[in-house]
Amino acid sequence: MNETIKQLQDRRSVREFTGENIKEKDLQAILYTAQRAANSVNGQQTSLIVIRDKQKLEKIAELCGGQKHIAEASVFVFVVMDFYRGVYAAESVGKRNIGPLSADGILVGAIDAGIVVNALQTAAIALGYGTTVIGAIRKNSKEIIKMLGLPKYVFPLIGSTIGVPAERPLTRVKPRVPLDTFAFEDKYDAEKVKEGVEFHEKDINKWRKENGTPQLPSYKEMIVRIYENFYNESKKELEEQGFKFADKLEEE
């Protein structure tokens, strides 16, 4: 199998690290690779903020609900939606940039952030490091914004740990729903999706037992845990940073 494809297919979240530091040249290569990721109209509506200070890593772990592996990682990288750059670019030539004031702009920022974190993690894994995507930074956005000194039109969307992984072999990579309930020909198949959920629920429970992690939630349990109630106050906190989820300006 092609090595790149094998690496992508074997990708897994790593939550146990040796404590060793990432090499500086490796970190710079990872960050540059992330910067080269695809982005909408080359607007470069994301930025990275790299944290290596152990006290700050411990604080981030606390703000993310006590995820101790964040504190044990060598590096934590915030991927922020950044329209400050584009607003300045437009205003510097006497024009406006309504990106942060539009629903589509927020979607663009979120999509670009997802592409960037994937590139960052792919590069890190290629160099032998372990990573985990951290969405829980949005649980305490206000404190994260203050910690990072984020100006108007910048918002922390997602983060990633990077560290030297401790050995913990798995019986197989964490299952996904069956491919034919994920990738469809010509049109969406709602019934296949339901079938896929039921198969996956059994498969993920089997995987938990195989790997000695029965305490982990099943697929259905995790969905309910996260989405039964509102998880974050993202709308309020986005608005405080100058963003609006709108299709036209109020004065138009």
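On a predicted model such as this, the values are computed, not experimentally measured, just so you know. (Residues numbered from 1 in each chain as written. Predicted model: local features only at pLDDT ≥ 70, side-chain atom pairs only at ≥ 80, totals over all residues. Heavy atoms only, no water.)

Observations regarding the overall build of the chain
Thought 1: Across its full length, the chain holds 10 helices and 4 strands.
Thought 2: Secondary structure of the chain in N-to-C order comes out as α-α-β-α-α-β-α-α-β-α-β-α-α-α.
Thought 3: Computed over the C-alpha atoms, the radius of gyration of the chain is 20 Å, within 12% of the 18 Å expected from 2.2 N^0.38 for a compact globule of 252 residues.
Thought 4: Along the first, second and third principal axes, the C-alpha atoms of the chain reach 60 × 45 × 40 Å.
Thought 5: Per-residue burial for the chain yields a buried fraction of 38% across its 252 residues.
Thought 6: Once local pairs closer than 6 in sequence are excluded, the contacts in the chain between residues at least 24 apart make up 76%.
Thought 7: The centroid of the 37 positive side-chain charges in the chain is displaced by 3 Å from the centroid of its 36 negative side-chain charges. (Helix = DSSP H or I, 4+ residues; strand = E, 2+ residues; numbered from the N terminus. Rg over C-alpha atoms; globule rule 2.2 N^0.38 Å. Buried < 20%, exposed > 50% of the residue type's maximum accessible area, 1.4 Å probe, protein only. Contact = heavy atoms within 4.5 Å. Lys, Arg positive; Asp, Glu negative; His and termini not counted. Charge placed at Lys NZ, Arg CZ, Asp CG, Glu CD.)

Regarding the packing of aromatic side chains
Thought 1: In this structure the tally under the stated criterion is 4 aromatic pairs.
Thought 2: With a centroid separation of 6.2 Å and an interplanar angle of 75°, the aromatic rings of Phe83 and Phe243 are classed as edge-to-face. In this pair, Phe83 sits in the loop between strand S2 (75-82) and helix H5 (84-91) while Phe243 sits in the segment after helix H10 (234-240), placing the two residues 160 residues apart along the sequence.
Thought 3: What makes Phe83 buried here is its relative accessible area of 3%.
Thought 4: Residue classification places Phe243 among the buried residues on the basis of a relative accessible area of 1%.
Thought 5: Residues Tyr153 and Phe243 carry aromatic rings whose centres are separated by 6.5 Å and whose planes lie at 90° to one another, so their mutual orientation is edge-to-face. Residue Tyr153 is located in the loop between helix H7 (141-148) and strand S4 (154-163), and its partner Phe243 is located in the segment after H10; the two are separated by 90 residues in the primary sequence. By the burial criterion, Tyr153 is buried, and Phe243 matches it.
Thought 6: Counting every residue linked through ring pairs, the aromatic cluster contains Phe83, Tyr153 and Phe243. (Phe/Tyr/Trp six-rings, centres within 6.5 Å; stacked < 30°, edge-to-face > 60°.)

Quick notes on the pairing of S2
It is a general feature of regular strands that their side chains alternate between the two faces of the sheet.
Thought 1: With 8 of 8 residues buried, S2 is to be regarded as a mostly interior element.
Thought 2: Burial of the side chains of S2 extends over both faces: Val75, Val77, Val79 and Met81 are buried on one face and Phe76, Phe78, Val80 and Asp82 on the other.
Thought 3: Bridge count for strand S1 (residues 46-51) against S2 is 6 bridges, and the pairing is antiparallel. Within S2, the position partnered with Val50 by the bridge is Val77. (Pairing = 2+ DSSP bridges.)

Let's talk about the domain arrangement of the chain
Thought 1: Domain parsing of the chain yields domain 1 (1-167) and domain 2 (169-227).
Thought 2: The C-alpha centroid of domain 2 is placed 26 Å from the C-alpha centroid of domain 1.
Thought 3: Of the roughly 310 Å² buried at the junction of domain 1 and domain 2 (both faces included), carbon and sulfur atoms supply 59%.
Thought 4: On the domain 1 side of the interface with domain 2, the three residues burying the most area are Arg11, Arg12 and Glu167, jointly 77% of the side's total.
Thought 5: Joining domain 1 to domain 2, the criterion identifies 0 salt bridges.
Thought 6: Run the count over domain 1 and domain 2 and you get 0 residue pairs in polar contact (both at pLDDT 80 or more).
Thought 7: Residue composition of the side of domain 1 that touches domain 2, grouped by class: no nonpolar, 1 polar and 4 charged. (Domains from an automatic or database assignment. Buried area = accessible area lost by both parts, 1.4 Å probe. Salt bridge = Lys/Arg side-chain N within 4 Å of Asp/Glu carboxyl O. Polar contact = N/O pair within 3.5 Å; in protein donor to acceptor, adjacent residues only side chain to side chain. Nonpolar A, V, L, I, M, F, W, Y, C, P; charged D, E, K, R; others polar.)

Notes on the pairing of strand S3 (residues 130-134)
Thought 1: The element S3 is extensively covered by neighbouring structure, given that 4 of its 5 residues are classed as buried.
Thought 2: Bridging between S3 and S4 involves 5 bridges; their strand directions are antiparallel. Each residue of the ladder has a partner; that of Thr132, found in S4, is Thr161.

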